[in-house]
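An overview of the molecular structure
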Amino acid sequence: MKTLSILSIAIAVSFMGVAQPSAYRKIMSEKDQLDPEVFFAQLKGFQAANKEFSNVYYQLGKFELENFSNLDPLVDRIASRQYVYNSKTNFSLAKNFLDEKEVARNPEWYDVPPLKRDSVIVLANNLMDEKYQGTINYAEAYEKLLFHYDKAVTHYLRAREDFITINTSAENLRQLFLKTNDSLKQAIRNVGTSFDSSMHHLDNYRETYQLLPHTEKRKVIVNFNKIDHFRMNGITPTNFLADYIDVWDYKHWSEDFLNLIKVEVDGLQEEIRTAYDFFTSTNNRLVNGEECIQANIDDRKFQRIINLVTKYDNQSVLIDIFRYLLAKLEYGNQLVYERNCNIISGPPTDDLISRKARVYQNLFSAFAKTDSVDNLILTSGHGQKSFEWFFSEMMDGENGSLDFANKQRLENKSSFRDEVVKLAELSGKQRFQSDSIYYQTFSVNDSLLVSGGNREAADSIEVFNRLEVSDSLHFLIAKEVGNVKILGAQQIEEDYIVLWEQSTYKNEDIEFFKTVSDSSFVIGGRTWLKHISHSGLEKSTIKLKSKDSIVFVNYNELQGSFEIVQAKDTIYTMTTIGFNGAVSVDGPVVLPGKFLNMWSQDQSLWFFSASDTEQNTVITASLWDGETKKINEKIEYNFSSLMTNPLLIKNDNESITVLSQNAQSENEFIYSILDYSGSIQHEEIF
Amino acid sequence: MFSTKRTVLLLMLSVATISFLRAQDLAKVNAGLIIMHPKVSFDGTKLVFIANYLGSLGPYISSIDSGNWGAPEPLFSSETRSKYEFRYPQLNFDNTKIYFSAREKAGSNFDIYYSELSNGSWSDPIELPINVNTVVDELAPAMSTDEKKLLFTRPLPADAKAANYCQEIYLTELTETGEWSEAQPLPPSYNTGCVCAPYFSRDNKTFFFSSYEEILDAAGKRLSKNQFNIFWAKIDGFFKFNPKPLVSLIGDEDRVSVSLDADSTIYLGSGKIFEKDQSRMRSQVLSASIGKIFQPGEMTLISGTVTDLNDTPLASQVQIINPFTTKVYQEVTANEQGYYQVFVPSGNQFSILATTEGYSTQSKLIETEGAEFQSNFELFPTVDMTFNVFDEDFYFPIEANLELYDSAFNLIRSVDASSTEKTQLDLGKELNIIFTSENYFADTLNLPFNQEVIFNFFDFDIELKRILKEVSFTFTDGESGNNLGLEIVVYNVTRNEKTTRTVKEGSISLQLRDGEVYEISTSAQGYSYYTADLDLSQEISEEIQAELQSVENISIVLDNITFEYNSYTLTATSYEELDKLVGYLSDNEQYLVEVSAFTDDSGPENYNLKLSNLRANSVLQYLQDKSINKERLAARGYGEAQPRYPNDTEENMAKNRRVEFKILGSE
């Protein structure tokens, strides 16, 4: 039985060895004539009946490998995988079942040249190894190819998604820049990273593709023309941003955009911070300091910030704030110059008071400009939505800009008031009016008081008022044994060295005092006026015909002449005394209110007087024509407020200052600038 | 040859895989004498078939109504029904087309036709092209859901000696050029000799068909019943799955057809053969579930509506795009109700893009999961536009006129001037907008609204460039005429902007903004100050010669300095000139300056001397009050001494009444 079995196998093998090649040879001989599909079907049919015939596997492997290489590897994935897998399996089987005799007989089936038997066998063996290993490599490369392509697409889609998020996060570019924060920066960076990863995988895909047998490689071209897909094939508001940075490579786009942000946003933030810090530290020194300094305002830097902020949001209150900072620093510079630098220690003459009035007029202009910009912050309706970082970082609370503006307004008003009040003090000093009442009785034995004097009376001297003209000269009004005197004295601590003394006319009380020049003053009473130099010299004594109260004296230093106005109720007379003593009296003039001041302007003498209604004060300029000796014109200035003892000062031939306490609120000052045509240019309550 | 016994056995075997239910809900459909070629729509909502409800044989449609199949309604007009003989109707993926075989009753061969649904009516039959229809019968069209593959049958060649009803299955595919390819028979493994009634299931890969065999009795006589074996098969690209028998039926000839609804319930037409006394013409529709392995690949039915913002339906194009390949997977048109539906493979990402001419575009990236996915689109015909017009250099808003032009630059309309213009623009055509503003160059914005627009609001920043005028300055030494190199301050008074420019070799060309006011000044060391006021809203000289006066050892007369009559009080008109001197002294902080005043010779000499002293002092005080350090200043009155002109005429005397300044030295 055993023999029979072996014989049966031998017959079977022999049968196969003979029968197979003939059927197979027929298939192979018709290979070129057959439709590939039919050829394939015939091979499969043969293979189904002949499971261990090497060449059929080899042919199937080749056929499937060719199919694999003709497919689109990305679109036809299932088929591609199957073909390359089948090909690998078939080449493996072809290798396993390789029959040396068969190879030697039919080398052309194995694509081997008809050489000597041994060579053919070696070559065929090598070829089988090579084909098998090749398909293993193809299978691996194919998986790698798909991996890289899918990764490339995934990263690309992620980049695109982030791009769209950035793109749609703002209505326009300006808003996008305004919204720039760390998360937006990160999103921009992510676009670049994802896009770069995509390109990296695409490179690997292309490289891997070269390892595959596909003859026609599928092209993936990524460039500016193809980037439409990235932009979602649509016009979006900030797609123009993508055009703005003209690259197709979104890694570059991301980098360029971040650089742009660094310059435009971070740079601007830094500029804003620096400028605002400069303001806060400088402003404090200007408004409250005692140094004579000037802030170095680089208005171009401020203007640049204003321009850039305007660029991003022309409705931002930050624009108003920076305009304000600029105005405030300019105001501060003027303020500090006047307060700490421009110290003038001259006697309070009309000239000095006018000069100061002009200075304060300029200061007021700076104040008014500052205040109007401040007001803009409060009323423009501009918001602090954009540049939120500034308001949260540099200002307090939700109402940062409003609180800032209100605080600044108080500071500005207070600083101007503190300054302009000096004008009133100066005017008071001119008329020997001082806020603090001085009273001291000196004994005759007091060596200090008497050292400069020349008296023998034993009674003490009663000093009831004093005026500091300069460090070395004080005027003291005193009574000694019932006689009223004015003393020129030098103060040493609490005591005085009397430099000189002048008696009044007939020991009458001093009812009028005025500093009339840099080196002289007048004192006056009923019917008399004495002109005395600072050195104590009596320059002249004028006797007046009228017993009316002296309300005004003007001494023209150049001409050496006096103009004196006396009043009885609202009736005023004017006495002019020439340098040669010639006296002329004009008037009476009836003024509509209380006399304030008087000077020449445009060939006329302007008498200014004030009267009050219940609600307001009216200042009237009554123009006296020297030729007709009449008031020929009256100009009224109707104020909004009611004044207490207004002070009226000539600034120059275009402007007049009015300064007064507010009758309706004792703690308030009214500052006003008038022109000569009846217009009130400014009326501001401080 | 099969025997009847064997057939019964096959049917029993099949029951293990598939079990039929005589569903009650088919009662209304099965009410006719003949019900044949039923095919359920891909979404399972409609059933089309050929039937005879006590009248003539014709096509019908039934819709699901409260869970049951509703009363069948005849398809097509009576004229069409009487003209044609219909076979094998099939609805396409979104139930807007019916494919079928038909022939004119006059007697011709069957061809494949389709009819389109429009405004609720089905169009007259439209014949498929010659690549499909030939002189022989084309029957049983089976269209894939992507409408790119069509299976149908043709009779076996005459020499095959097959039975009359024996067919073979052909496949034609839609090429990229939109034409049907030459139909090719399926390989022999499918066309085994006598097959019919193919059906492409919704995954476009799996398909079903039936083999067809006559049944002979024991005597070898053909029975009036036939053996139908339903096969499952699949073609996935190049990879083919051999057919597998799924179910076997014995029925009337030509009655079997297979289709699947959205739940993979199989619908079959069958003659009723098992009941006695029933005419063989009685037939019915059967439905049953099939085993999972035979079900087509999972598909998601994406459906939704495309409307405008007022819910008005839009017959839009809806593209299903593979984002990985950017290839259009399928394109469908929403119907009059704006409704669209399409089958796509589940578990994939797709971009859906809805477009309508004259409307915006909407795109959604979706991931298909489950059997159904709803995606509605809202498109809009206009967009809100805001144009913010700015000055390019300074970003401040400017008023501009807007003119809207079409792509050929024909004016559409003008919009009034405004710096922030809000307007509404129609989509669908390219627009060009020209922005003009006085003193600015015009600018054009192109809006390609003929392309896809996906946002309904745009906020544009338009920056216009100011027209610049060129003004040339030449700075020379007033005495020698030599050109001077120096720095100048270009002050834009309108904008309150200052810039410093360096003048090399005496000449500079300035580009100044049209319509604005400038002040060009210089405080060159060694020279007096120079200022030129330029109002560019007026005609001005384009070339300006600036002669600078040297201040070395020379007294410079200050112009326009006046005092009140017989007084040393400065008049306010003097301030402008004095402020220039202040600027000069601020720029040249090194200079020590003497201010001197002079009178004419009228009046006493002492008086004049005193007056001139006081006047010089007034000027000094002015400078001091304007923050010039008084240590740098000296004032001196010269009275009537040093007249510049003989005091012989009033004009000369006026010239002699003057104020001068002189550089005394440098700190």
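Residues numbered from 1 in each chain as written. Chains lettered and ligands numbered in written order. Predicted model: local features only at pLDDT ≥ 70, side-chain atom pairs only at ≥ 80, totals over all residues.

Description of the overall build of chain B
Counting its regular elements, chain B contains 5 helices and 48 strands. Here the C-alpha radius of gyration of chain B, 49 Å, is well above what a compact globule of 667 residues would show, namely 26 Å. Reported as C-alpha extents along the three principal axes, the dimensions of chain B are approximately 165 × 45 × 40 Å. Taking all 667 residues of chain B together, the buried fraction comes to 38%. Intrachain contacts of chain B at a sequence separation of at least 6 include 55% that bridge at least 24 residues. (Helix = DSSP H or I, 4+ residues; strand = E, 2+ residues; numbered from the N terminus. Rg over C-alpha atoms; globule rule 2.2 N^0.38 Å. Buried ≥ 20, exposed ≤ 12 C-beta atoms within 10 Å, placed from the backbone. Contact = placed C-beta atoms within 7 Å.)

Details of the nonpolar core
In terms of nonpolar packing, the biggest core is built from 101 residues, with A:V309, A:F322 and A:V553 touching the most fellow members. Element by element, the count of residues in this core is highest for helix α12 (residues 317-341) of chain A, at 13 residues. In contact with A:V553, not counting residues within four places along its chain, are A:F512, A:K514, A:V516, A:V522, A:L529, A:F562 and A:I564. B:Y60, B:I98, B:A102 and B:A140 belong to the second-largest nonpolar core, a separate cluster that totals 68 residues. (Core = buried A, V, L, I, M, F, W, Y, C linked by C-beta atoms within 7 Å.)

Topic: the interface of chain B and chain A
Counting from both sides, the interface comprises 40 residues of chain B and, opposite them, 37 residues of chain A. Where the side of chain B that touches chain A is concerned, the elements lending two or more residues are β28 (361-367), β37 (457-464), β40 (497-503) and α4 (605-625) of chain B. It is α4(B) that provides the largest number of residues to the side of chain B that touches chain A, a total of 6 residues. Counted by class, the side of chain B that touches chain A contains 20 nonpolar, 11 polar and 9 charged residues. (Nonpolar A, V, L, I, M, F, W, Y, C, P; charged D, E, K, R; others polar.)

Structural notes on the pairing of strand β23 (residues 299-308) of chain B
Residue and element names in this part refer to chain B. Extensive coverage of β23 is indicated by the burial of 7 of its 10 residues. Pairing of β23 with strand β26 (residues 339-345), which is carried by 7 bridges, proceeds in the antiparallel orientation. When the sheet's bridge partners are listed, T305 is paired in β26 with Y339. Note: β23 against strand β30 (residues 377-379), 3 bridges, orientation parallel. Each bridged residue has a counterpart across the sheet, and for V306 the counterpart in β30 is F377. (Pairing = 2+ DSSP bridges.)

What about the sheet that holds strand β21 (residues 680-685) of chain A?
All names here are of chain A. Pairing in this open sheet of 4 strands is antiparallel, and the strands run β18-β19-β20-β21 from one edge to the other. Strands at the two margins of the open sheet, each flanked by one partner only, are β18 (643-650) and β21. The mean angle between the axes of side-by-side strands here comes to 15°, regardless of whether they run parallel or antiparallel. Looking at chain direction, β18 and strand β19 (residues 656-662) are connected through 6 bridges and run antiparallel. (Axes fitted to C-alpha atoms, helices over the stretch in contact; angles between N-to-C directions.)

Section: unusual backbone geometry
Residue and element names in this part refer to chain B. Notably, N95 is not glycine yet its phi reads approximately 60°, a positive angle. The class of N95 is partly exposed, set by 19 C-beta atoms lying within 10 Å. For N566, which is not glycine, the phi torsion reads 55° and is therefore positive. Of note, N566 is situated in the loop between β45 (555-558) and α3 (575-587).

Concerning the confidence of the model for chain B
Residues and elements named next belong to chain B. With 91% of its residues at a pLDDT of 70 or more, chain B shows a mean pLDDT of 85. Below a pLDDT of 50 lies the segment residues 1-17, which in the model reaches 18 contacts outside its immediate sequence neighbourhood of four places, other chains included. Segment residues 273-282 is flagged for pLDDT under 50; beyond a separation of four residues in sequence, or across chains, it makes 12 contacts in the model. Reported confidence for the predicted complex is 0.78 by ipTM and 0.72 by pTM. (pLDDT = per-residue confidence, 0-100.)

Overview of the pairing of strand β7 (residues 84-91) of chain B
Residue and element names in this part refer to chain B. In terms of residue burial, β7 counts as a mostly covered element, since 7 of its 8 residues are buried. Pairing between β7 and strand β8 (residues 97-104): 6 bridges, direction antiparallel. From the neighbouring strand, Q90 faces β8, where its bridge partner is Y99. The hairpin formed by β7 and β8 contains 5 residues between the paired strands, and N95 there has a positive phi angle of roughly 60°.

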